[in-house]
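# Per-entry structural report
Single-letter residue listing:
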Amino acid sequence: MRIAIAGATGNIGALTVAALERGGHEVVRISRSLGVDLLTGDGLDDALAGVEAVIDATNGPATDQAETVAYFGTATRNLLAAEERAGVRHHVLLSIVGIHGIEGNAHYAGKREQERLVSEGPVPWTIVPATQFHDFAALVTSWTEQDGVATIPPLLVQPIAPADVADILAEIALGEPRGRYVDVAGPDPQDLVDMARRTNEARGRTVKLVPTWSVFDPAAAGNALLPGKDARIAPTTFDAWLAQQR
């Protein structure tokens, strides 16, 4: 198949490109750095010529809520319109578990807008909600670290390996549209603070962690970010992923 990946140069996008190419599929990479701009639409029509499915693994800027919603909204509208013109038969959106129960998070608001546009849009679709990735805890500390000290929210999560997410996205894109797919998660619940400590240690970094709700608010506490009971459980444990970081 000829499959396009929006956000192809990002972490999940690049892994999904590799997964599809291992299967012998032709992959079209969509990224501003490669000359295709989702915000202006420049290059989209040429990129989607002959494409059967599109996987949207784009990320948005870490700005305020209005700007994030505007960014995801513009990019998604342009992408869906170009897909409709090109006759694309399947739009696959990578989303996040738990975003509909948590207000006040700019990124989650942007993802909700993406989901709305895709589900109401002209192209048959599958939305894939995934839990946080195994590298999420260390990423959060990188946002807040100053002088060797980082704040991190005391979240309960069930993280998933980025490579497992890529494999699932590739698999789904090859099939028929499914609507809202089941939650996708890793095997085991984890404490985000402990994940950050262990990841930084594995990478040889010393960071003092201060648990606080500075990045997420208490609405994300408890089971808010955990997958539903019918979730698809990916195979790679956090411990197995962590061993690769040493």
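Residues numbered from 1 in each chain as written. Predicted model: local features only at pLDDT ≥ 70, side-chain atom pairs only at ≥ 80, totals over all residues. Heavy atoms only, no water.

On to the packing of helix H1 (residues 11–22) against helix H6 (residues 162–174). Where H1 meets H6, the axes come as close as 8 Å, and the angle between the chain directions of the two elements is 55°. Accordingly, the angle class assigned to the pair H1 and H6 is oblique. Viewed along their axes, H1 and H6 form a crossing whose handedness is right-handed. When H1 is examined against H6, the residues Asn11, Ile12, Leu15, Thr16, Ala19, Leu20 and Arg22 are found in contact with a partner set consisting of Pro162, Ala163, Val165, Ala166, Asp167, Leu169, Ala170 and Leu174. Class assignment for the residues of the contact of H1 with H6 results in 11 nonpolar, 2 polar and 2 charged. (Axes fitted to C-alpha atoms, helices over the stretch in contact; angles between N-to-C directions. Helix = DSSP H or I, 4+ residues; strand = E, 2+ residues; numbered from the N terminus. Parallel < 35°, antiparallel > 145°, perpendicular 65-115°, else oblique. Left-handed = near helix turned anticlockwise from the far one by under 90°. Contact = heavy atoms within 4.5 Å. Nonpolar A, V, L, I, M, F, W, Y, C, P; charged D, E, K, R; others polar.)

The next point concerns unusual backbone geometry. For Asp147, which is not a glycine, the phi torsion comes out positive at approximately 55°. For Asp147, the location among the structural elements is in the loop between helix H5 (136–144) and strand E6 (149–152).

Attention now goes to the packing of aromatic side chains. All chains considered together, the criterion is met by 5 aromatic pairs. Seen from their ring centres, Tyr71 and Phe72 are 5.7 Å apart, and the 80° between their planes marks the pair as edge-to-face. When its relative accessible area of 23% is taken as the criterion, Tyr71 is described as partly exposed. The class of Phe72 is buried, set by a relative accessible area of 1%. With a centroid separation of 6.2 Å and 80° between ring planes, the pair formed by Phe136 and Phe216 is classed as edge-to-face. (Phe/Tyr/Trp six-rings, centres within 6.5 Å; stacked < 30°, edge-to-face > 60°. Buried < 20%, exposed > 50% of the residue type's maximum accessible area, 1.4 Å probe, protein only.)

Compared with an ideal rise of 1.5 Å per residue, which puts 12 residues at 16 Å, H1 spans 17 Å between its outermost C-alpha atoms and is within 8% of the ideal. Burial in H1 covers these residues: Ile12, Gly13, Thr16, Val17, Ala19 and Leu20. Burial along H1 is one-sided: seen end-on, the buried residues are contained in an arc of 165°. Looking at the buried positions of H1, the neighbouring elements they touch are strand E1 (2–6), strand E2 (26–30), strand E3 (53–56), strand E4 (90–96) and H6. Looking one or two residues beyond H1, the residue adopting positive phi is Gly24, at roughly 85°. (Expected span 1.5 Å × (residues − 1). Arc of directions from axis to C-beta.)

Mapped onto the elements, His91 comes out in strand E4. When near neighbours in sequence (up to four residues on either side) are disregarded, His91 contacts Val54, Asp56, Leu79, Leu80, Glu83, Val118, Val123, Pro124, Trp125 and Thr126.

Let us now look at the pairing of E4. Counting buried positions over the 7 residues of E4 gives 7, a clear majority of the element. Of the two faces of E4, both are covered, the one formed by His90, Val92, Leu94 and Ile96 as well as the one formed by His91, Leu93 and Ser95. Strand direction decides the pairing type here: E3 and E4, joined by 4 bridges, are parallel. Each bridged residue has a counterpart across the sheet, and for Ile55 the counterpart in E4 is Val92. As defined by bridge partners, E4 adjoins strand E5 (residues 125–130) across 6 bridges and the pair is classed as parallel. (Pairing = 2+ DSSP bridges.)

It is worth spelling out the pattern of salt bridges at this point. In the structure shown here, the tally under the stated rule is 16 salt bridges. In this structure, the salt-bridge partner of Glu115 is Arg180, at a minimum N-O distance of 2.9 Å. Taken as a pair, Glu115 in helix H4 (residues 106–119) and Arg180 in strand E8 (residues 179–180) lie far apart in primary sequence, 65 residues in all. Using a relative accessible area of 42% as the deciding quantity, one classes Arg180 as partly exposed. Residues Arg197 and Glu201 are paired through a salt bridge, measuring 3.4 Å at the closest nitrogen-oxygen approach. Within this pair, Arg197 and its partner Glu201 are both found in helix H7 (residues 192–202), separated by 4 residues, close to a single helical turn. By relative accessible area, Arg197 is classed as partly exposed at 38%. (Salt bridge = Lys/Arg side-chain N within 4 Å of Asp/Glu carboxyl O.)

Now for the packing of H5 against H7. At a minimum axis distance of 8 Å, the contact between H5 and H7 shows a crossing angle of 85°. As the angle between them shows, H5 and H7 are arranged roughly perpendicular. Of the residues in H7, those in contact with Phe136, Ala137, Ala138 and Thr141 of H5 are Leu192, Met195, Ala196, Thr199 and Asn200. Of the residues that constitute the contact of H5 with H7, the class distribution is 6 nonpolar, 3 polar and no charged.

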